[in-house]
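# A structural walkthrough
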Amino acid sequence: MTHTTIGDIGHASIVISFIAAIIAAFSYWKASSAIHFLEETSAQKSWRIFARFFFYIHSIGIVGVVSSLFLIIKNHYYEYHYAWDHSSNSLPIYYMISSFWEGQEGSFLLWLFWHMILGLILIHQNKIWESPMMAVFCAVQAFLAYMILGSVLPVIDLKLGSSPFILLKDFMGALPVYKINPDYIPEDGTGLNPLLQNYWMVIHPPTLFLGFATTLIPFAYCIAGIWMGRYREWIRPALPWALFSAMVLGTGILMGGYWAYETLNFGGYWNWDPVENAVYVPWLVLVASIHTMITFKNSSTALRSTIILTISTFVLILYSTFLTRSGILGNASVHSFTDLGLSGQLLVYLLAFLFLSLALLVYKWKEIPSTEKEASIYSREFWIFVGATVLCLAGFQVLATTSIPVYNAILGLFGIKSNIAPPADQMEHYSKFQIWAGIAIAILSAIGQYFWWKKIDGKTLWDTLALPVLISMLSSMAIIYFTHLDHPIYILLATVSVFSVVANGFILYGILKSNYKLSGGAIAHIGVALMLIGILYSSGYSKVISQNNSGMTYSKEFSEEMNKENILLWRNDPEQMDDFTLLYKGQRLESPDFNGYINKDDILPLNEKSKVIAKKAINYKDKVYYKKGDTITIIPENTFYEVLYTKPNGDTFTLYPRAQVNPQMGLLASPDIKRFWGRDLYSFVSSIPIPDKEREWNPIEEHQLRIGDTVFLNDFVAVLRSVNRETNIPGILLGESDVAVKAHFRILGGNKNYDIYPLYIVLIKDQMVGQIPEIVEDLGVKITFLNINPTNGVFTFGVNTTQKDYIILKAIEKPAINILWLGTLLLIIGLIIAILRRYTEFIKMRVKGTEV
């Protein structure tokens, strides 16, 4: 049965939210036009109340869309294309949440939802600014709602947005199955992208999109301020939100980096992917705008720069949306979405707000106050402006290269074929520029703090900085000597980063003695400096320890690097790697109902891929979770490979790197990480045996044996120890007349002995005979119980051999990476302190009635 009602409710909710946003934007505009800013007439109040009402209607519509789509995904209504394309029956509930925003429509909806929440807060936070600011806010909401409208204009056949409620038969109606059965509904979906099946993907996208959403607030205040002629006053209410936006967007970016570190296998946390860059650049410009806002609040300078940077931040967010969702990046990014036919509409969205903002800015430019006095080199304003300039230049360098596909597309519109290609080695390309930006930021964040908090001139400059410089130099020399830094640029970066930590430490100490609420900037700057140190060591001095010392080439199809920098591990065959002894112990699966990992050898598959049967009791920490014969729900997509690491002192730990063979994407390997105080050990599988269904076995060899006989199997000796009747077979219900016989073989292996139990089954009622073979993965041996001769006590067994189970593993040491994570934590803490301080100031001014 097709569940059309829930889709109709969802689509109607989109239409309602779209229309309500337009009405709210118009009403807020009417409430703002031609008024004295601080005095509201009864007509304007009526328009404002009317606008509020429709914003509430808009909000109800958004809640209806979100609820409808989530119910479709949760209830597995695969008649809807979005549910079929992004979820499956076996997904746990938390991954269903991730599948909600995996697609374009869901991500736009998430963005709309956050705007709705923020709008409901804003209309009750600041009545004076509500009308002009919310007019801008609602206009943006209308554009976003338009992106998921999914309607078609009948006359010109123009598709307006892309709806998440389109039916599968409407989206893929050309499939032959719909000609045979128009009401066909798939039994299962295609599932969530395996790379997104990570707990970080449950929280990273919402955090990132909240960051996107919050950039609208400073922009809306800025446009409202220019529009209403309140060129200075908008900064006070906008500054706390700008800080909040920087904190949330920065947290989202860092979460994405940590997700990449834990999930992808390129050995790092940042790959200069175009989509990563498209978020990184607006954040840099946002941070620059915060610094100029603070400068203006303290000295009434840099107002025009602040306005330009605030507008640029939001426009760059729209540009990043265009890059990632228009399909223009093609294969240049692993993150980008495919084009749903919205590229033109996304471009209109971007250009509309770009040109409207520019037009307003040009029209009002001469009225915007400017600073005539030239800033002294010894002034704090000068150093903050230099810092903001460095941030913008760093962003421009990244943006210029990331936009190469856009240049090609623009030239193509004019019939010019462009061969401009992105850099072949993007890590090297971006890093060689950004490292100098990092050096400049470290220096400026140290010196700038001294100029901000202390009165310094040419005479007192050296006296003020002498002690932190001396401590920094001594500390840097010790660090360089003991960590063997040898690259000149790396030495410089380490030195200035240490200087930034020390200098901001001195400033922080002085602030804490007077008022800790002022410490946000110093803590955030210390965090940035520590991040630079962590990036320097974890990226610049990471070390591959899984060297192939066997002299063997694993495969001619592998690259030279892969053959040299990976270690081959046969199952239960110890292998030395650097200071560790490694033991690969086999394949494991996970279950949503089980805390540990389930040994794949202890279960039998069923027809339903997410269900298996326990061959034996399954324990975890001395507790029996499943008895023999119990049905277990597993997560079948992922296989974990248990590797035991033994240190020279005998201490052990176990890692479970994950892999999945995806039909479209090939081998998808995710690392497992052992964290030490000074480094991480980062391990992932580079190659695994082919799947069981595709495995090739040598031709069967038959052996006729009696109890006590021996046979050679793949250079190992096997003894038939017993043959007994079996009454309890997992997954098979035996009748009273049915017979099941279990043979017991003991195989004498090199390092251990193996007991295996092949089964021979006779189903009398069904007149069927069956065998359940046993496989010893360590030895690559399969034994099948073929026949019984009861007259002479001879049993016939078939033996097949294949390659033993193995993995090829890569292990990397990432030194000092914990310094990076510590730095990110301090950066976020510093921003939170700054947010609380600036918001408290705003509230005090609002209570006094002077918030404008």
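A brief look at the structure comes next. As the structure is a computational prediction, the values presented were derived from the model and not from experiment.

### Description of the overall build of the protein
Of regular secondary structure, the protein possesses 22 helices and 29 strands. C-alpha atoms of the protein, sized along the principal axes, occupy 110 × 70 × 55 Å. Taken across its 852 residues, the protein has 52% of its residues classed as buried. In the protein, the share of contacts with a sequence separation of at least 24, taken over all contacts with a separation of at least 6, comes to 69%. For the protein, the computed accessible surface area is about 39400 Å², with 60% contributed by carbon and sulfur atoms. For the protein, the separation between the mean place of its 64 positive charges and that of its 66 negative charges on side chains is 10 Å.

### Some points on unusual backbone geometry
The phi angle at Ala-302 is positive, at roughly 65°, despite the residue not being glycine. Inspection of the secondary structure assignment puts Ala-302 in the loop between helix 12 (274-299) and helix 13 (303-325).

### A short note on helix 20 (residues 520-540)
The first and last C-alpha atoms of helix 20 sit 30 Å apart over 21 residues, in line with the 30 Å expected at 1.5 Å per residue. By the criterion of burial, helix 20 is predominantly enclosed, with 16 of the 21 residues buried.

### Focus on the packing of aromatic side chains
Using the criterion set out here, one finds 57 aromatic pairs in the structure. Note on Phe-143 and Phe-353: the rings are 5.3 Å apart at their centroids and 65° apart in plane angle, and the pair reads as edge-to-face. Remark: Phe-353 occurs in helix 14 (residues 343-364) and Phe-143 occurs in helix 6 (residues 127-147); sequence separation between them is 210 residues. For Phe-143, a relative accessible area of 26% corresponds to the partly exposed category. Look at Phe-353 and you get buried, because its relative accessible area is 7%. Feature note: the residues Tyr-199, Trp-200, Tyr-258, Tyr-261, Tyr-269, Tyr-682, Phe-684 and Trp-821 constitute an aromatic cluster, connected by ring pairs. Over the aromatic face of Phe-108 sits the side chain of Arg-325, whose NZ or CZ is 5.4 Å from the ring centroid. Positioned above the aromatic ring of Trp-570, the side-chain terminus of Lys-804 is 5.4 Å from the ring centre.

### Some remarks on a nonpolar patch on the surface
A contiguous nonpolar patch, built from Leu-467, Leu-470, Ile-471, Met-473, Leu-474, Met-477 and Phe-506 and spanning about 640 Å² of accessible area, is present on the exposed surface. A total of six residues in the nonpolar patch trace back to one element, the largest contributor, which is helix 18 (residues 461-483). Tracing the sequence through the fold places Ile-471 in helix 18. Since its relative accessible area comes to 31%, Ile-471 is described here as partly exposed.

### Examining the pattern of salt bridges
A side chain of one charge can pair with a side chain of the opposite charge when the charged atoms of the two come close. Taken as a whole and judged by the stated rule, the model has 21 salt bridges. The partner of Glu-560 in a salt bridge is Lys-564, and the shortest N-O contact between them spans 2.9 Å. Within this pair, Glu-560 and its partner Lys-564 are both found in helix 21 (residues 560-564), separated by four residues, close to a single helical turn. We classify Glu-560 as exposed; its relative accessible area is 57%. A salt bridge links Arg-571 to Asp-778, with the shortest nitrogen-to-oxygen separation between them at 3.3 Å. Of this pair, Arg-571 sits in the loop between strand 4 (567-570) and strand 5 (575-577) while Asp-778 is found in the loop between strand 26 (774-776) and strand 27 (781-789), placing the two residues 207 residues apart along the sequence. The exposure class of Asp-778 is buried, given its relative accessible area of 6%.

### Observations regarding the nonpolar core
One finds Trp-111, Met-134, Tyr-221, Trp-234, Ile-307 and Ile-311 to be the most contacted residues of the largest nonpolar core, which totals 156 residues. Sorting elements by how many residues they give to this core places helix 11 (residues 235-263) first, with 16 residues. The residues touching Trp-234, leaving out its near neighbours within four places in the chain, are Trp-129, Pro-218, Tyr-221, Cys-222, Gly-225, Met-293, Leu-303, Thr-306, Ile-307 and Thr-310. Membership of the second largest hydrophobic core comes to 33 residues, among which are Leu-465, Leu-493, Ile-511 and Leu-536.

### A short note on the pairing of strand 21 (residues 716-725)
In the sheet, strand 20 (residues 710-713) pairs with strand 21 via four bridges, with the strands oriented antiparallel. Residue pairing in the sheet places Phe-712 in a bridge with Val-717 of strand 21. Between strand 20 and strand 21, which pair antiparallel one after the other, the connecting turn spans two residues, and Asn-714 there sits at a positive phi close to 50°. Sheet analysis places strand 21 next to strand 22 (residues 739-748), joined by eight bridges and oriented antiparallel. Pairing of Val-717 across the sheet is with Leu-748, part of strand 22.

### Some points on empty space enclosed by the protein
What the rule picks out here adds up to two cavities of 30 Å³ or more. If you add up the space inside the largest cavity, you get close to 60 Å³. Lining the largest cavity we find Thr-2, Tyr-78, Glu-79, Leu-167, Leu-168, Lys-169, Tyr-178, Pro-182, Asp-183, Tyr-184, Ile-185 and Pro-186. Residues that form the lining of the largest cavity fall into these classes: eight nonpolar, one polar and three charged. Here the second largest cavity is characterised by a volume of approximately 30 Å³. Considering the residues around the second largest cavity, the lining is formed by Pro-194, Leu-195, Asn-638, Arg-658, Gln-660, Leu-668 and Ser-670. Counted by class, the lining of the second largest cavity contains three nonpolar, three polar and one charged residues.

Definitions and cut-offs
- Residues numbered from 1 in each chain as written.
- Predicted model: local features only at pLDDT ≥ 70, side-chain atom pairs only at ≥ 80, totals over all residues.
- Heavy atoms only, no water.
- Helix = DSSP H or I, 4+ residues; strand = E, 2+ residues; numbered from the N terminus.
- Buried < 20%, exposed > 50% of the residue type's maximum accessible area, 1.4 Å probe, protein only.
- Contact = heavy atoms within 4.5 Å.
- Areas by Shrake-Rupley, 256 points an atom, 1.4 Å probe, with all protein chains shown as cover.
- Lys, Arg positive; Asp, Glu negative; His and termini not counted.
- Charge placed at Lys NZ, Arg CZ, Asp CG, Glu CD.
- Expected span 1.5 Å × (residues − 1).
- Phe/Tyr/Trp six-rings, centres within 6.5 Å; stacked < 30°, edge-to-face > 60°.
- Lys NZ or Arg CZ within 6 Å of the ring centre and 35° of its normal.
- Patch = residues over 30% accessible without salt bridge, like charges linked within 9 Å, V, L, I, M, F, W, Y side chains within 5 Å.
- Salt bridge = Lys/Arg side-chain N within 4 Å of Asp/Glu carboxyl O.
- Core = buried A, V, L, I, M, F, W, Y, C linked by side-chain atoms within 4.5 Å.
- Pairing = 2+ DSSP bridges.
- 1 Å grid on protein atoms, 1.4 Å probe; cavity = no way out; pocket = protein on both sides within 12 Å on 5 of 7 lines; lining within 4 Å.
- Points joined across faces, edges and corners; volume = space filled by probe spheres on them.
- Nonpolar A, V, L, I, M, F, W, Y, C, P; charged D, E, K, R; others polar.

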